[in-house]
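Listed here are the chains, written in short residue letters.
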Amino acid sequence: MTPPEALSPEEARAELERLASRIAELDEAYYRDDAPLMTDAEYDALRQRNAEIERLFPDAILKNSPANRVGTAPSSAFAKIRHRVPMLSLDNVFDTEEFAEFCARARRFLNLPASPRFVAEPKIDGLSISLTYENGILTRAATRGDGMEGEDVTANVRTLRDVPQTLHGEAPAFIEIRGEVFMSKAAFLELNETQARLGQKIFANPRNAAAGSLRQLDASVTASRPLALFAYAQGESSAPVAETHWDYLTRLKDWGFVVNPLSQLIEDENAAAAFTTQIAAGRSTLPYDIDGVVFKIDDLSLQRRLGFVGRAPRWATAWKFPAEQATTVLEKIDIQVGRTGALTPVAHLQAVNVGGVLVTRATLHNEDEIARKDVREGDTVILQRAGDVIPQIVSVVLEKRPDGARPFAPLEHCPVCGSLAIRPPGEVVRRCTGGLTCEAQVVERLIHMVSRPAFDIDGLGEKSILEFHRDGLVSGPADIFRLPAREDEIARRDGWGSLSARNLSQAIEARRSIPFDRFLYALGIRRIGETNARLLARHYGSFTEWRTQMLAARQIGSDERLALGSITGIGPTIAEELVDFFAEPRNIDTLDELAGMLTITAPSGGLSGGLSSGALDSPLNGKTIVFTGTLQAMTRPEAKARAESMGAKVTDSVSKKTDFVVTGADAGSKAKKAAELGIRTLSEEEWLALAEGG
Ligand code: IVH
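Structure report, in brief. In every chain, residue numbers begin from 1 and rise along the written sequence. Side-chain atom pairs in this predicted model are given and counted only at pLDDT of 80 or more, local residue features only at pLDDT of at least 70, and totals for whole chains, interfaces and linings cover all residues. Hydrogens and waters are ignored; side-chain quantities use all the structure's heavy atoms.

1. What about helix α16 (residues 498-509)?
The periodicity of an α-helix, 3.6 residues per turn, causes residues three or four places apart in sequence to face the same way.
At step 1: In a regular helix each residue adds 1.5 Å, so 12 residues correspond to 16 Å; α16 covers 16 Å between its end C-alpha atoms and thus fits that length.
At step 2: Among the residues of α16, Ala-501, Leu-504, Ser-505, Ala-507 and Ile-508 are the ones counted as buried. Relative to the axis of α16, the buried residues are bounded by an arc of 165° and lie together on one face. Turned more than 90 degrees from where α16 packs its buried face, Ser-498 and Leu-499 sit exposed.
At step 3: Contacts made by the buried residues of α16 are with α13 (462-470), α14 (477-480) and α15 (487-491). Secondary structure elements follow DSSP: runs of H or I no shorter than four residues count as helices, runs of E no shorter than two count as strands, and numbering proceeds from the N terminus. Here the expected length of a helix is defined as 1.5 Å per residue gap, with one fewer gap than residues. Using a 1.4 Å probe on the protein chains alone, a residue whose accessible area is under 20% of its type maximum counts as buried, one over 50% counts as exposed, and one in between counts as partly exposed. The reported arc concerns the directions from the helix axis to the C-beta atoms and nothing else. Here a residue-residue contact requires only that any non-hydrogen atoms of the pair lie within 4.5 Å.

Here's what the structure looks like:
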């Protein structure tokens, strides 16, 4: 990357634009979807680069500079609450020198002869919340959102044990208290285990788990999640409550809040580094994730005089810790085989504690990544965990490389079934060609098959599939439907019992009848995701018809092959995957065995080639629609199903072939693209009028 000082003014401008849109995209994933796209350290590096370029090229600063923005606009799933005092962010420092600069700036601004006193608090890695109390009673709780407007999460917050419903003792008639909602590391690991068992979303780190748990539409879900709160700041208040931040923390405790017990008064700026070192040293033994220490000038009148610049106060800063690192030995590079045969290298490590989480594995992504870092078995490696549980390998300690360590050689055969493993030109992933003859793919496909969008069998998740497969109860898809016949045997297994075995049987029986599109998706054929499964199901109408046509389509040049390739939305690559699937006799046997045990019904959301009569004369028949932004009246899956039942095709990206783009709240780049291409956009109301009329 070009260093900022080497950029020309034009390049600087272009780079700032690129950074602004990238940071906005990252913020959206992080704040709105609770699903970060990169580590915090990488994100901070982008923001720092932005700040550095802005400093060198002040003329190029954008109106929508990320420096003036925190978070992202609230999701429209929640009512909005405007913050009376904006909820801002903190600037960061990373070392003694930068902290000294921060202090010097504040002293210059105030013309102070000596260092002010500070309060230091651990910087909790959670999400900030604003709590409003009127006459001592909790009336409102809001997330930060974009700092100006947050989401109303009052009902959810009421379920938190650490949030007093009423303030103890005297308090101003109106007061807003701020703090951080978080989840402990232990609670996070436990939650993920439960989520995995139920086949539900796994969270990347405790912070995302906390955010995801708080931003639930159903408050009883929040109530079931162990969320905690540390209070640490004030918003609007009808009367002053303290003269120093330290006294304010005492008041918070009196009112019934939990204040972080490690908070401390720091007499002057020279004492700050020692405190930071002390907290950093104890970081991994804390039950919750922290990513630094926040220093706040204690005297509230000085805070008021200092005020804010951009998105951060001049009276506080976050001294951030580097990502947590550890050194260990990489014992083995193992190759995992996924459902579609993708070979993924995984590092098996000598167990090591990284930031309070015991780590034994790290992903190596792909063989190019291994080559780039030249990671070899036996190497001593530096690991880094940036909030997340699965760490990355940062680098190899070359001095410690054992004699004879050999570079990693990509496998030419699948480690599980021995079939050829090939890496098609231009792709980074190597794949096993064994299909259903490969045990690893069988297990992964079974897990996929019972998952929510497929057969959706309650109580049959990854763990049980692995167990049943290991013990020979399930070796192929059809065996799932033979499990009810073995209910007694299952009931006698460790960890089961008659009730859970009965429930499992019932859950399986309930799924013996399945719409054709779900069945197609459940097969786990590469590139046949939910959308393609639906397209195919609608086109062929029934399992029998599809099967007949696919068998015929194996013949190159056949009408059936041509017909398959010309289905809108199904390109030649997808057609080839299907033909390949049917070229393998074992796949056909497996398919027939499974189908023989089921009732495969018409595709959900409307009949095949022949659409329902309502669909034929609907204005949406044959049209291609893209939904973007958040819809208020129905969920995205519902909207999609509705459109499809009216004969429309729903796709994810906007192109010249798109007929309508339905723009919900906060529609982003897709709406823009529609405008550029001159494609008709519909508001949610217009869409509803169409959907209901049709
Ligand atoms: S004070 C005006 N104190 O860090 C600044 N923030 O990067 C008010 N955070 O949005 C924030 N622990 O979510 C403050 N002890 C602490 C904190 C803390 C964590 C978070 C908070 C804030 C973010 C800023």
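2. Quick look at the packing of helix α19 (residues 543-553) against helix α21 (residues 572-583)
At step 1: Fitting a line to C-alpha atoms yields each axis, with helices limited to the stretch in contact; the angle taken between N-to-C directions then spans 0 to 180 degrees. Where α19 meets α21, the closest approach of the two axes is 9 Å, and the angle between their N-to-C directions is 90°. Taken together, the axis directions place α19 and α21 in an arrangement best described as roughly perpendicular. Only Leu-578, Val-579 and Phe-582 of α21 make contact with α19, whose side of the interface consists of Trp-546, Arg-547, Met-550, Leu-551 and Ala-553.
At step 2: The residue classification treats Ala, Val, Leu, Ile, Met, Phe, Trp, Tyr, Cys and Pro as nonpolar and Asp, Glu, Lys and Arg as charged. All others, Gly included, are polar. Classifying every residue of the contact of α19 with α21 gives 7 nonpolar, no polar and 1 charged. These descriptions rest on fixed angle ranges, namely under 35 degrees for roughly parallel, over 145 for roughly antiparallel, 65 to 115 for roughly perpendicular, and the rest for oblique.

3. Side note on the site of the ligand
At step 1: Definition of nearness: a residue and a molecule or strand are near each other if at least one heavy atom of the residue lies within 4 Å of the molecule or strand. Taken together, 14 residues sit near the ligand, with Glu-121, Ile-124, Arg-144, Glu-180 and Lys-296 positioned nearest.
At step 2: Distance and chemistry together define a polar contact, namely a pair of N or O atoms within 3.5 Å, with one atom able to donate a hydrogen and the other to accept it when in protein, and with adjacent residues in sequence counting only for side-chain atoms on both sides. One of the side-chain N or O atoms of Ser-128 is found 3.4 Å from an oxygen atom in the ligand.
At step 3: Within the side chain of Glu-180, a nitrogen or oxygen atom sits 2.6 Å from an oxygen atom of the ligand.
At step 4: Accessible surface is estimated by sampling points in the Shrake-Rupley manner with a 1.4 Å probe; for residues, cover comes only from the protein chains shown. For the ligand, whose unbound accessible area comes to 520 Å², protein coverage reaches 89%.
At step 5: Of all the secondary structure elements, the ones that give two or more residues to the shell around the ligand are β3 (118-124) and β10 (290-297).
At step 6: By residue class, the composition of the shell around the ligand is 7 nonpolar, 2 polar and 5 charged.

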